[in-house]
Structure formats: structure tokens, C-alpha cells
Amino acid sequence: QVQLVESGGGLVQAGGSLRLSCAASGRTFSRYGMGWFRQAPGKEREFVAAVSWSGGTTYYADSVKGRFTISRDNAKNTVYLQMNSLKPEDTAVYYCAADLNLILVRTTPSHWGQGTQVTVSS
């Protein structure tokens, strides 16, 4: 089992940057693929980014490619989402997710954090 706690959300102006962090409990963190999803008001939750257990493979939604970077530090049991050039349409609750299967971490992960709000003002 792994428990996930996100932090780093907040209010930022368009064009600005934020870095989200997700701290994971458990000694098996390095075995999990990790991902980020987001859910805007009135919309379905959508995939944002994912990273393999080693950090060597990453995936991004087209809407964030080139602006967001996912990374992980297995020594700190933490995954990050660096968000640059933020747009008002990036406003959402951002969720950290984990799964042992790298395909499932991008679609239906088995573990979720509680979410952190990101608001981008125009």
C-alpha cells in the first residue's frame, strides 16, 4: 500500500510557474509508476503526466507537453510536477496517483492523493 499527500498548489498569474509535490508513504515507493491528473470544475478528471519507477520514462498529455515536467526522487519518496507558462485553462484540482502498472498509472491508477488546488488568473 502507498499513501499520497500533495502540496504546492495555489494562486498564480497566467505565465507563472508552480511546483507540485507528492509525498508517498511506504517502503515500496520506487516500485510504483507515478502520475498526475487534474479535474476542472464541471469536467472529468484527466491525465496530465506520468513517470516510470526509475524516472527514465515520462508521458505527458498534449495540452501540457513542453510546459510541464514530471520527475521523482526515490530517496525522498516524492514525485514532482513543475508547471511553467501556466494558463487559465490549467486551473483545476491536481491529484497525485500511483500504480505498479505503468499503463494503469496513466488510466485507472489504484492509489490517489486528496488533491491540491491550482488556480491560474488571467
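Described in the following lines is the structure provided in the data block. (Residues numbered from 1 in each chain as written. Predicted model: local features only at pLDDT ≥ 70, side-chain atom pairs only at ≥ 80, totals over all residues. Heavy atoms only, no water.)

1. A closer look at the environment of Phe-29
Within the fold, Phe-29 resides in the loop between strand 3 (18-24) and strand 4 (33-39). The spacing of Phe-29 and Ala-75 is 46 residues in sequence and 9.3 Å in space, taken between C-alpha atoms. Apart from the residues within four sequence positions on either side, Phe-29 is in contact with Ala-24, Met-34, Arg-72, Asp-73, Asn-74, Asn-77, Thr-78 and Val-79. (Helix = DSSP H or I, 4+ residues; strand = E, 2+ residues; numbered from the N terminus. Contact = heavy atoms within 4.5 Å.)

2. So, the side chain of Arg-72
Secondary-structure assignment places Arg-72 in strand 7 (residues 68-73). For the buried Arg-72, which has no salt bridge, the nearest side chain bearing the opposite charge is Asp-73, at an N-O separation of 8.3 Å. Of note is the side chain of Arg-72, whose polar atom sits 3.4 Å from the backbone oxygen of Trp-53. A polar contact of 2.8 Å, which involves the side chain of Arg-72, links it to the side chain of Asn-74. Those residues in contact with Arg-72 that lie beyond four places of it in its chain are Phe-29, Ser-30, Tyr-32, Gly-33, Met-34, Val-51, Ser-52, Trp-53, Ser-54, Gly-55, Thr-78 and Val-79. (Buried < 20%, exposed > 50% of the residue type's maximum accessible area, 1.4 Å probe, protein only. Lys, Arg positive; Asp, Glu negative; His and termini not counted. Salt bridge = Lys/Arg side-chain N within 4 Å of Asp/Glu carboxyl O. Polar contact = N/O pair within 3.5 Å; in protein donor to acceptor, adjacent residues only side chain to side chain.)

3. Some remarks on the pattern of salt bridges
Within this structure, the stated rule accounts for four salt bridges. The partner of Lys-65 in a salt bridge is Asp-62, and the shortest N-O contact between them spans 3.1 Å. We classify Asp-62 as exposed; its relative accessible area is 68%. Between Arg-67 and Asp-90 there is a salt bridge whose closest N-O contact spans 2.7 Å. Here Asp-90 lies in the loop between strand 8 (78-83) and strand 9 (92-99) and Arg-67 lies in the loop between strand 6 (58-60) and strand 7, a separation of 23 residues in the sequence. The class for Arg-67 is buried, based on a relative accessible area of 11%. Since its relative accessible area comes to 1%, Asp-90 is described here as buried. A single salt-bridge network, built from bridges that share partners, covers Arg-38, Glu-46, Arg-67 and Asp-90.

4. Concerning the sheet that holds strand 3
Taken in spatial order, the four strands make up an open sheet running 1-3-8-7, and their pairing is antiparallel. Of all the strands in the sheet, the pair left with one neighbour each is strand 1 (4-7) and strand 7. Across the sheet, the mean angle separating the axes of adjacent strands is 15 degrees when strand polarity is ignored. (Pairing = 2+ DSSP bridges. Axes fitted to C-alpha atoms, helices over the stretch in contact; angles between N-to-C directions.)

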